[in-house]
Number of protein chains: 2
Amino acid sequence: MGTDDLELYLDENKKRQLNELMDWLSIPSISTLPERKDDMIRAAGWLADHLKYVGLNNAEVIETGGHPLVWADWLDAGDARPTVLIYGHYDVQPVDPLDKWETPPFTPTVRNGKRGEDLYARGACDDKGQVFVLVKALEAMLFVRKNLPVNIKMIIEGEEEIGSPAMSAFVEKNAERLAADICLISDTAILAPDKPSIDYGLRGIWLGELAVKGPAVDLHSGAFGGAVHNPNQALAELIATLHDASGRVAVNGFYDDVRVLSDAERERLAGLPPNEAELAKQSGAPAVWGEPGYSIAERIGARPTLEINGMWGGYTGQGFKTVIPSEARAKISCRLVPDQDPKRIGELLRAHFEKVVPSTVSVELQTFGELEATLIDPEIREMQAAIHAYEKGFGEKPLFNLCGGGIPIVSKFQKALKAPVVLMGFGLPDDNAHAPNERIHLPNFFRGIRTAVYFLEEIGG
Amino acid sequence: MGTDDLELYLDENKKRQLNELMDWLSIPSISTLPERKDDMIRAAGWLADHLKYVGLNNAEVIETGGHPLVWADWLDAGDARPTVLIYGHYDVQPVDPLDKWETPPFTPTVRNGKRGEDLYARGACDDKGQVFVLVKALEAMLFVRKNLPVNIKMIIEGEEEIGSPAMSAFVEKNAERLAADICLISDTAILAPDKPSIDYGLRGIWLGELAVKGPAVDLHSGAFGGAVHNPNQALAELIATLHDASGRVAVNGFYDDVRVLSDAERERLAGLPPNEAELAKQSGAPAVWGEPGYSIAERIGARPTLEINGMWGGYTGQGFKTVIPSEARAKISCRLVPDQDPKRIGELLRAHFEKVVPSTVSVELQTFGELEATLIDPEIREMQAAIHAYEKGFGEKPLFNLCGGGIPIVSKFQKALKAPVVLMGFGLPDDNAHAPNERIHLPNFFRGIRTAVYFLEEIGG
């Protein structure tokens with residue numbers, strides 16, 4: 001059977017494939033919330049059963065100290081054919097603020113909006129929906145041809161959104177089991193529905209939490225206001241020292257190790273969307289912002305950042321409470337680029353806070369996670385195969401881009417497995433990953449399945 | 001029957017009086033929380049029944065558009081005797097952070113600690129406990145002597161902690177019913193258990209909320225971080241502009257109308273506790289803070305402040321979420337002194353934010369409440385009677401102090417009723433009003449009852 005039978009199969013099975021994805025998306029697999037532990041187990045079990053159903057072998061839920069991994073393989077292509085390790089994750093981000101969702105995050109809903117048909121649900125894009133693209137590509141080939149052009153190992157984890165601790169340990173101890181010629185990951189975005197792109201870099205990250213401590217207990221602002229440094233105010237004052245007025249990070253040494261881009265690379269990135277107006281529109285922010293002297297693509301992909309992802313202190317409920325809180329806190333993350341060392345960034349931050357903290361409060365800085373940035377050489381054969389696959393699948397040659405996000409396991413894969421990683425993303429910049437109303441664009445979902453088939457065919461070549 | 005019988009009565013009834021207070025304190029009358037509406041009604045009804053029980057007449061729960069008022073009177077002292085209007089409040093502050101309470105806030109508990117026997121409960125000091133001091137003084141005289149030395153009108157409201165809207169309207173429409181020769185309020189603190197004091201001023205307040213708005217929705221910090229101004233960061237940067245490095249409020253015009261203290265007044269305030277070391281100990285803060293050139297008593301009582309009572313934005317739950325929030329918010333209050341106009345302060349704040357806000361975010365400032373500061377002349381006869389009462393009740397001449405907090409209705413009373421207000425407080429600076437583990441010092445509670453008796457006796461002449 002040839003490609004035509006496969007196209008026919010894919011056309012005829014769209015609705016069923018979508019319903020299956022919606023079924024999986026309805027399981028609230030939020031890895032960071034302890035109360036979702038059972039849902040994580042359900043989501044893993046659902047996937048293992050499904051991988052068996054599509055024709056993969058040895059489907060298995062692997063217990064870990066944290067959330068389980070899901071494994072399946074198909075190794076009947078023979079030793080002459082390469083082995084592709086497919087990685088993805090079934091865990092999703094928390095859903096708050098819940099009141100901003102138009103339909104409930106775990107009630108997957110198809111809606112026809114400005115950009116066409118989208119499927120809305122937490123995880124629709126990041127990453128259950130994209131894992132499903134690859135699974136449905138394998139399904140189509142296995143159902144129609146009873147065969148795959150490559151050997152497949154598939155490992156889908158449940159802790160990507162919390163730094164991949166169990167998966168990292170598994171990679172270190174199971175290099176042989178995971179051994180592959182190439183790693184394929186669908187967990188990124190293309191530039192626009194008709195503008196495919198391939199990310200050749202991922203930013204790293206340092207994650208932590210800052211506590212500013214003042215009075216021993218919450219105080220009445222009538223009784224103490226004016227004579228005690230309010231920790232909310234002190235935290236704000238400390239945060240305000242982290243950037244200069246231009247938008248550059250003002251932590252001493254922060255940019256020291258940043259890889260300097262070549263002129264050619266800068267020129268290539270300068271041509272990429274979004275431009276400033278497009279980014280303002282995509283984000284809905286009144287204006288763009290950021291480090292002067294760099295384009296939007298550079299700010300997002302090639303330059304490090306420092307973000308306050310969460311900040312809280314004192315009374316935040318309805319009405320008013322005239323309190324001076326005993327402490328205030330901020331969740332801080334730094335997106336990092338090659339060749340920054342996350343450990344050193346944490347140390348620089350600690351040194352910064354110790355230098356600027358006034359004697360009227362004390363600070364505590366906790367590290368939650370560390371991850372190095374990644375670069376992939378666009379010239380290798382596997383990246384060229386990806387270019388051809390997108391050209392066939394989307395009718396347009398893909399551009400090379402730098403991804404502003406990170407995938408914790410990628411640098412581990414590069415080090416432990418010594419195999420090239422190819423990031424074939426099918427999300428979009430406005431898919432609202434990590435935000436309310438997450439969605440996947442259905443035309444991309446279905447084109448993605450075909451693109452994955454073309455890629456595996458060329459790799460199996 | 002004379003004072004001795006009254007002393008005997010008070011000694012013999014301590015336990016019962018305490019149990020009654022504990023019963024009232026167990027009703028969670030938090031006025032700012034809509035879900036506590038029924039508890040507010042219960043707390044008001046409990047008090048009206050109790051005022052009837054102690055021998056007051058015409059006890060009544062008065063419906064309002066908000067939480068009800070409680071009224072009772074005793075007008076049998078005759079026209080020759082003055083009429084004393086007693087005011088207080090039965091509403092209490094919210095209780096979060098709940099995990100910082102050693103015993104549940106609405107399970108009143110007596111514990112013997114470093115400073116002696118205290119009764120712990122939300123409202124123990126502010127203000128149910130202090131209302132009870134006055135009620136028990138009336139009870140003792142009515143039970144033992146079947147008589148009071150003055151006419152009494154009593155009005156206890158349920159919205160003091162939310163700005164007294166219904167009570168304000170009631171005062172304006174019922175000046176005749178409330179007409180009195182003197183207003184007596186127990187809702188403040190003395191300097192120390194053996195160091196009584198009388199507050200001759202209360203700070204006013206401006207309350208509001210600042211919203212900083214950026215992206216239309218929460219964004220993924222990987223996809224947008226570095227190119228969009230994070231509203232948490234922007235809010236922190238805006239808050240950091242509100243004070244200069246020395247601790248002075250940096251809002252243009254903020255100090256313009258502040259009443260200048262006389263040298264004599266400054267000298268008197270300079271002698272008052274707490275000193276810097278004592279305040280650091282009371283508050284548990286690493287060091288004191290505040291406007292340079294002013295003593296602790298001045299900073300708290302005679303100088304205006306600007307506090308961030310609450311601040312929040314982004315992900316504040318367990319774990320981590322790499323989000324750029326669409327908005328961040330702060331609850332702001334300014335404690336004001338004579339002759340600052342709360343309306344003008346709100347306008348100055350608005351002008352400040354409009355001046356400093358960058359084009360990358362927008363701001364919205366909402367006003368929640370406005371209250372002018374109050375001053376009471378320490379030389380009037382009624383204040384002198386209070387001095388004598390404390391001398392008898394505590395064995396120590398009271399000092400004059402300025403209260404850093406405010407009582408919304410006081411300036412209304414001064415304007416509408418034209419009667420002097422006397423603030424006879426029985427709380428302590430470390431009673432944790434508005435904070436976890438609120439308490440009242442039991443020796444003060446019982447001495448307070450006697451002090452109130454002595455005061456009413458002298459006023460009654």
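Refer to the preceding data block for the structure.
Here is a short report on the structure shown in this document. For clarity, every value in this text was computed on a predicted model and none was experimentally measured. (Residues numbered from 1 in each chain as written. Chains lettered and ligands numbered in written order. Predicted model: local features only at pLDDT ≥ 70, side-chain atom pairs only at ≥ 80, totals over all residues. Heavy atoms only, no water.)

Details of the overall build of chain A
A count of helices and strands for chain A gives 15 helices and 18 strands. The globule rule puts the C-alpha radius of gyration for 461 residues at 23 Å, and the 23 Å found for chain A is close to it. Put simply, chain A has 461 residues, and 63% of those count as buried. Residue pairs in contact within chain A that sit at least 24 positions apart in sequence constitute 78% of those at least 6 positions apart. Total accessible area on chain A stands at roughly 16300 Å², and carbon and sulfur atoms take up 49% of it. Across chain A, the mean location of the 47 positive side-chain charges is 1 Å away from that of the 67 negative side-chain charges. (Helix = DSSP H or I, 4+ residues; strand = E, 2+ residues; numbered from the N terminus. Rg over C-alpha atoms; globule rule 2.2 N^0.38 Å. Buried < 20%, exposed > 50% of the residue type's maximum accessible area, 1.4 Å probe, protein only. Contact = heavy atoms within 4.5 Å. Areas by Shrake-Rupley, 256 points an atom, 1.4 Å probe, with all protein chains shown as cover. Lys, Arg positive; Asp, Glu negative; His and termini not counted. Charge placed at Lys NZ, Arg CZ, Asp CG, Glu CD.)

A word on the pairing of strand E5 (residues 116–120) of chain B
Residues and elements named next belong to chain B. Of all five residues in E5, four are buried, a share of seventy percent or more. With five bridges connecting them, strand E4 (residues 109–113) and E5 associate as antiparallel partners. Looking across to E5, one finds that Thr 109 is bridged to Tyr 120. In this structure, E5 lies alongside strand E18 (residues 439–441), joined through three bridges in antiparallel fashion. (Pairing = 2+ DSSP bridges.)

Overview of the relation of the copies chain B and chain A
Copy one and copy two of the chain differ by a rotation about a common axis and a shift along it. Expressed as a screw operation, the relation of chain B to chain A combines 0.0 Å of axial shift with a rotation of 180°, fitting to an RMSD of 0.0 Å. Such a turn and shift between the copies fits a two-fold axis. Here 100% of the contact residues of chain B are again contact residues in chain A; the copies associate through an equivalent surface. (Least-squares fit on C-alpha atoms with pLDDT ≥ 70 in both.)

Describing the sheet that holds strand E7 (residues 182–185) of chain A
Residues and elements named next belong to chain A. Across the sheet, which stays open at both edges, the six strands sit in the order E1-E2-E6-E3-E7-E17 with mixed pairing between neighbours. Both edges of this open sheet fall to strand E1 (57–62) and strand E17 (421–423), since each of them pairs with a single strand only. On average, adjacent strands in this sheet sit at an angle of 20° to one another, irrespective of strand direction. Pairing geometry for E7 and E17, over three bridges, is parallel. Looking at the pairing, Leu 184 lines up with Val 422 of E17. (Axes fitted to C-alpha atoms, helices over the stretch in contact; angles between N-to-C directions.)

Considering the pattern of salt bridges
For the coordinates displayed, the defined rule picks out 64 salt bridges over all chains. Across the pair Arg 16 of chain A and Glu 139 of chain A runs a salt bridge whose closest N-O atoms are separated by 2.8 Å. Here Arg 16 of chain A is found in helix H2 (residues 14–25), whereas its partner Glu 139 of chain A is found in helix H4 (residues 128–145), with 123 residues between them in sequence. Measuring nitrogen to oxygen at the nearest pair gives 3.6 Å for the salt bridge that ties Lys 415 of chain B to Glu 372 of chain B. Note that Lys 415 of chain B is positioned in helix H14 (residues 409–416) and Glu 372 of chain B in the loop between strand E14 (362–371) and strand E15 (374–375), a separation of 43 residues in sequence. Classification of Lys 415 of chain B by relative accessible area gives exposed; the value is 52%. (Salt bridge = Lys/Arg side-chain N within 4 Å of Asp/Glu carboxyl O.)

Points about the side chain of Asp 39 of chain B
All names here are of chain B. Mapped onto the elements of the fold, Asp 39 is located in helix H3 (residues 37–53). On the basis of relative accessible area, Asp 39 is assigned to the buried category, the value being 11%. A polar atom in the side chain of Asp 39 sits 2.9 Å from the side chain of Arg 42. With sequence-adjacent residues up to four places away left out, Asp 39 is seen in contact with Ile 27, Pro 28 and Ser 29. (Polar contact = N/O pair within 3.5 Å; in protein donor to acceptor, adjacent residues only side chain to side chain.)

A look at the nonpolar core
Of all hydrophobic cores here, the largest spans 103 residues; its most connected members are Trp 24, Phe 413 and Phe 455 of chain B. Sort the elements by how many residues they give to this core and helix H4 (residues 128–145) of chain B lands first, with 11 residues. Apart from the residues lying within four places of it in its own chain, the contact partners of Phe 455 of chain B are Ile 182, Leu 184, Glu 382, Ala 385, Ala 386, Ala 389, Val 422 and Met 424 of chain B. In this structure, Ala 72, Leu 138, Met 383 and Leu 456 of chain A belong to the second largest nonpolar core, which totals 102 residues. (Core = buried A, V, L, I, M, F, W, Y, C linked by side-chain atoms within 4.5 Å.)

Here we look at the interface of chain B and chain A
The partner chain A presents 92 residues to the 92 residues of chain B that form the contact. Summed over both sides, the interface between chain B and chain A buries roughly 7400 Å², with carbon and sulfur atoms accounting for 56% of that surface. For chain B, the biggest contributors to the area lost against chain A are Trp 289, Met 311 and Phe 320 of chain B; these three give 11% of the whole. Linking chain B with chain A are zero salt bridges, by the criterion used here. The tally of links between chain B and chain A comes to 40 residue pairs in polar contact (both at pLDDT 80 or more). Looking at which element gives the most residues to the side of chain B that touches chain A, the answer is strand E11 (residues 307–314) of chain B, with eight residues. Partitioning the side of chain B that touches chain A into residue classes produces 42 nonpolar, 37 polar and 13 charged. Examined bridge by bridge, strand E11 (residues 307–314) of chain A and E11 of chain B share five bridges and lie antiparallel to one another. Looking at the pairing, Gly 314 of chain A lines up with Gly 310 of chain B of E11 of chain B. (Buried area = accessible area lost by both parts, 1.4 Å probe. Nonpolar A, V, L, I, M, F, W, Y, C, P; charged D, E, K, R; others polar.)

Quick notes on the packing of helix H13 (residues 381–394) of chain B against helix H15 (residues 442–460) of chain B
Residues and elements named next belong to chain B. At a closest axis distance of 8 Å, the pairing of H13 and H15 adopts a crossing angle of 140°. If you check the angle between H13 and H15, you find them oblique. Every pair of crossing elements has a handedness; the one defined by H13 and H15 is right-handed. Between H13, through Arg 381, Glu 382, Ala 385, Ala 386, His 388, Ala 389, Tyr 390, Lys 392, Gly 393 and Phe 394, and H15, the contact on the second element is made entirely by Asn 444, Arg 447, Gly 448, Thr 451, Tyr 454, Phe 455, Glu 458 and Ile 459. Residue composition of the contact of H13 with H15, grouped by class: eight nonpolar, five polar and five charged. (Parallel < 35°, antiparallel > 145°, perpendicular 65-115°, else oblique. Left-handed = near helix turned anticlockwise from the far one by under 90°.)

Points about the packing of aromatic side chains
Scanning the entire structure with this criterion turns up 24 aromatic pairs over all chains. Ring geometry for Phe 254 of chain B versus Tyr 255 of chain B: centroids 5.3 Å apart, planes at 85°, classification edge-to-face. In this structure, Phe 254 of chain B and Tyr 255 of chain B share a single accessibility class: buried. Between Arg 248 of chain A and the ring centre of Tyr 255 of chain A, over which it is positioned, the NZ or CZ distance is 4.3 Å. Over the ring of Tyr 454 of chain A we find Lys 392 of chain A, and its NZ or CZ is 4.5 Å from the ring centre. (Phe/Tyr/Trp six-rings, centres within 6.5 Å; stacked < 30°, edge-to-face > 60°. Lys NZ or Arg CZ within 6 Å of the ring centre and 35° of its normal.)

So, the environment of Gly 427 of chain A
Residues and elements named next belong to chain A. Relative to the helices and strands, Gly 427 resides in the loop between E17 and strand E18 (439–441). Gly 427 sits in the buried class, given a relative accessible area of 0%. When the C-alpha positions of Gly 427 and Ser 186 are compared, they lie 8.6 Å apart, and in sequence the two are 241 residues distant.

A closer look at the pairing of strand E13 (residues 327–336) of chain B
All names here are of chain B. When you tally the buried positions in E13, you get nine out of 10 residues, the bulk of the element. Relative to E13, strand E9 (residues 204–213) runs antiparallel, the two being bridged by 10 bridges. Note on E13: the bridge partner recorded for Ala 211 is Arg 329. As defined by bridge partners, E11 adjoins E13 across six bridges and the pair is classed as antiparallel. Paired with Met 311 across the two strands is Ala 330, which belongs to E13.

Side note on the sheet that holds strand E8 (residues 197–202) of chain B
Residues and elements named next belong to chain B. Strand order in the open sheet made by the three strands is E15-E8-E16, with mixed pairing throughout. Among the strands making up the open sheet, the edge pair consists of E15 and strand E16 (399–403). Here E8 pairs with E16 via five bridges, running parallel. Across the sheet, the residue bridging to Gly 201 is Leu 402, located in E16. Contacts between H13 and the sheet are confined to E8 and E16, with E8 contributing the most and set at about 150° to the helix.

Points about the side chain of Ser 221 of chain B
Mapping Ser 221 of chain B onto the fold places it in helix H7 (residues 221–224). You can call Ser 221 of chain B buried: its relative accessible area is 0%. Side chain to side chain, Ser 221 of chain B and Arg 335 of chain A meet in a polar contact 3.0 Å long. Those residues in contact with Ser 221 of chain B, other than ones at most four positions away along the chain, are Arg 203, Glu 307, Asn 309, Ser 333 and Arg 335 of chain A together with Thr 322, Val 323 and Ile 324 of chain B.

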